[in-house]
Amino acid sequence: MDYEGILLGMGNPLLDISAVVDQEFLDKYDLKLNNAILAEEKHVPLYDEMASKFTVEYIAGGATQNSIRVAQWMLQIPGATSYMGSIGKDKFGEEMKKNAKLAGVNVHYYEDESPTGTCGVCVVGGERSLVANLSAANCYKTDHLKKPENWALVEKAKYYYIAGFFLTVSPESIMLVAEHAAAKNKVFSMNLSAPFICEFFKDVQDKVVPYMDYVFGNETEARVFSKVHGWETENVEEIALKISQLPKASGTHKRIAVITQGADPVVVAEDGKVKLFPVILLPKEKLVDTNGAGDAFVGGFLSQLVQEKPIEDCVKAGCYAANVIIQRSGCTYPVKPDFE
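Each residue is numbered by its place in its chain's sequence as written, counting from 1. A pLDDT threshold of at least 70 governs which residues receive local features in this predicted model, and a stricter bar of 80 or more applies before side-chain atom pairs are shown or counted, although totals over entire chains, interfaces and linings include all residues. Values reported for side chains reflect all heavy atoms of the structure, with hydrogen atoms and water molecules removed beforehand.

Focus: helix H6 (residues 148-156)
Right, so step 1: Of the positions making up H6, those classed as buried are Asn150, Leu153 and Val154. Buried residues of H6 fall within an arc of 100° about the axis and therefore sit on the same side.
Right, so step 2: By definition in these notes, contact holds between two residues if any of their heavy atoms fall within 4.5 Å. Numbering of helices and strands runs from the N terminus; a helix is a DSSP stretch of H or I covering at least four residues, while a strand is a stretch of E covering at least two. Residues of H6 that are buried sit in contact with strand E1 (7-10), strand E5 (81-88), strand E6 (106-112), helix H5 (142-146), strand E9 (159-163) and helix H7 (171-183). Relative accessibility decides the category of a residue: with a 1.4 Å probe and only protein chains considered, values under 20% of the type maximum give buried, values over 50% give exposed, and everything between is partly exposed. Note: the arc covers the axis-to-C-beta directions of the helix.

Right, dumping it as structure tokens:
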């Protein structure tokens, strides 16, 4: 099988500025663990303060880009994945390009005049809180996507993955890809990504849901999704089932909902049934931080999905990748996967 460009991701390329902080720092900036938000006025000084008070690491990130990088790493097939998003013409942007090339991902960035986007990763007790300052990432437009050399990536791919965060940037680009996937019987997947997406971008999210063949998310996001849709249930299995049964734009593929729950089993809903898959448990002392864990899960999952492996194998690969990533800082990994 030809795997060249089989998987395409679109999203917000962000440089993670990661540090172990303290509860006081979280409180000062009104941050909650296991949450992701967009930076507001009050968060502007956060990045400099992090760098001056704590030991920071700079790691190429952005949810979709993380997942695509992990899928590429798991596949070990050069050029199997491609990615689009918007960066700035600056040293962070250069860093991102270098990093993506090393990872073997075929990136087609749009380069904007604004600075490359950053994400503050505030780690306390291994759990993370994310504060994204999108900047250049926010400037992605369909004009870039429609350029022949970029649209060629869409045509070549058979699988698409876009994190929900991109809904705040270019829903038009998402719809173009989603409609292409439905018309050509390809596989389109998205992530709920964050409570604020489900809550404040409900309308744009609901427009794309019919096109989603796979919906990823975690238990917190699933519960917020349930709440805003008036489902009146906190039960993750029930919510996953309801998500899988929402109307679909194309009947070619059934929708499968995949909800992770940290150390608790992964919930998979398809065909009106729910299956639970246990995750690999990690002793607390081995946990470095959960930054990128959900992204890595998706990357591992997709690496098997594009090889048409059964769902059990996809989940297993997702759990493996997440387990590797939480033992390291940010979404980074060893040279080769040790996945059978």
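From this point, things continue past the structure.
A few points about helix H3 (residues 63-75)
Right, so step 1: Helix span is expected to be 1.5 Å times the residue number reduced by one. The end-to-end C-alpha separation of H3 is 18 Å, in line with the 18 Å expected for 13 residues at 1.5 Å each.
Right, so step 2: Within two residues after H3, Gln76 carries a phi angle of roughly 55°, on the positive side.

Let's talk about the layout of surface pockets
Right, so step 1: Lining residues are defined by having an atom within 4 Å of a point belonging to a cavity or pocket. Those points lie on a 1 Å grid over the protein atoms alone, cavities being sets where a 1.4 Å probe fits but cannot get out and pockets being open sets with protein on both sides within 12 Å along at least five of seven lines. Grid points are joined across faces, edges and corners, and a volume is the space filled by probe spheres set on the points. The space that makes up the second largest pocket amounts to roughly 220 Å³.
Right, so step 2: Taken together, 15 residues line the second largest pocket, and the ones lying closest to its centre are Arg69, Asn99, Leu102, Thr332 and Tyr333.
Right, so step 3: Elements supplying a minimum of two residues to the lining of the second largest pocket: strand E4 (57-61) and helix H4 (91-103).
Right, so step 4: With four residues, H4 is the single largest residue contributor to the lining of the second largest pocket.
Right, so step 5: Any residue that is not Ala, Val, Leu, Ile, Met, Phe, Trp, Tyr, Cys, Pro, Asp, Glu, Lys or Arg is counted as polar, Gly included; the first ten are nonpolar and the last four charged. Among the residues forming the lining of the second largest pocket, the class breakdown is 10 nonpolar, two polar and three charged.

Thoughts on the environment of Thr116
Right, so step 1: Within the element layout of this structure, Thr116 appears in the loop between E6 and strand E7 (118-124).
Right, so step 2: Under the relative-accessibility criterion, Thr116 is labelled buried at 4%.
Right, so step 3: When the C-alpha positions of Thr116 and Leu15 are compared, they lie 7.5 Å apart, and in sequence the two are 101 residues distant.
Right, so step 4: Not counting chain neighbours up to four residues away, the residues in contact with Thr116 comprise Ile87, Gly88, Asp90, Phe92, Gly93, Met96, Ser135 and Ala136.
Right, so step 5: Whenever two N or O atoms come within 3.5 Å, that pair is a polar contact, provided that in protein one can donate a hydrogen and the other can accept it, and provided that, for residues adjacent in sequence, both atoms are side-chain atoms. Separated by 2.9 Å, the side chain of Thr116 and the backbone nitrogen of Gly88 make a polar contact.

What to know about the environment of Gln261
Right, so step 1: Mapped onto the secondary structure, Gln261 falls in strand E12 (residues 256-261).
Right, so step 2: For Gln261, a relative accessible area of 15% corresponds to the buried category.
Right, so step 3: If near-sequence neighbours (up to four positions away) are discounted, Gln261 is found in contact with Glu219, Val236 and Val267.

A word on the sheet that holds E7
Right, so step 1: Ordered in space as E3-E8-E7-E2-E4, the five strands form an open sheet in which the pairing is mixed. In this open sheet, the two strands that pair with only one neighbour each are strand E3 (35-38) and E4. Ignoring which end each strand starts from, the neighbouring axes of this sheet average 25° apart.
Right, so step 2: Sheet topology places strand E2 (residues 14-20) next to E4; five bridges connect them, and they run antiparallel. Considered in E4, the bridge of Ser18 is made with Glu57. Between any two strands, at least two bridges found by DSSP are needed for them to pair. Throughout, an axis means a line fitted to C-alpha atoms (over the contacting stretch in the case of helices), and angles, computed between N-to-C directions, take values from 0 to 180 degrees.

As for the packing of aromatic side chains
Right, so step 1: Each aromatic pair joins two rings of Phe, Tyr and Trp (for Trp, the six-membered one) with centres within 6.5 Å, and gets the label stacked for planes under 30 degrees apart, edge-to-face for over 60, and tilted for any other angle. Across all of its chains, the model carries 16 aromatic pairs by this definition.
Right, so step 2: Taking 6.2 Å as the distance between ring centres and 10° as the angle between the ring planes, the aromatic pair formed by Trp73 and Tyr320 counts as stacked. Highlighted residues: Trp73 in helix H3 and Tyr320 in helix H13 (residues 311-325), separated in sequence by 247 residues.
Right, so step 3: Look at Phe216 and Phe301: their rings are 5.1 Å apart centre to centre, the planes differ by 85°, and that puts the pair in the edge-to-face class. One end of the pair, Phe216, is in strand E11 (residues 214-218); the other, Phe301, is in helix H12 (residues 293-305), and 85 residues separate them in sequence.

Notes on the pairing of E12
Right, so step 1: Most of E12 is tucked away: six of the six residues are buried.
Right, so step 2: On E12, burial covers both faces: Ile256, Val258 and Thr260 on one face and Ala257, Ile259 and Gln261 on the other are all buried.
Right, so step 3: As paired strands, E11 and E12 are joined by five bridges and run parallel to one another. Bridging across to E12, Gly217 finds its partner in Ile259.

All we've got here are geometric facts, nothing functional implied.
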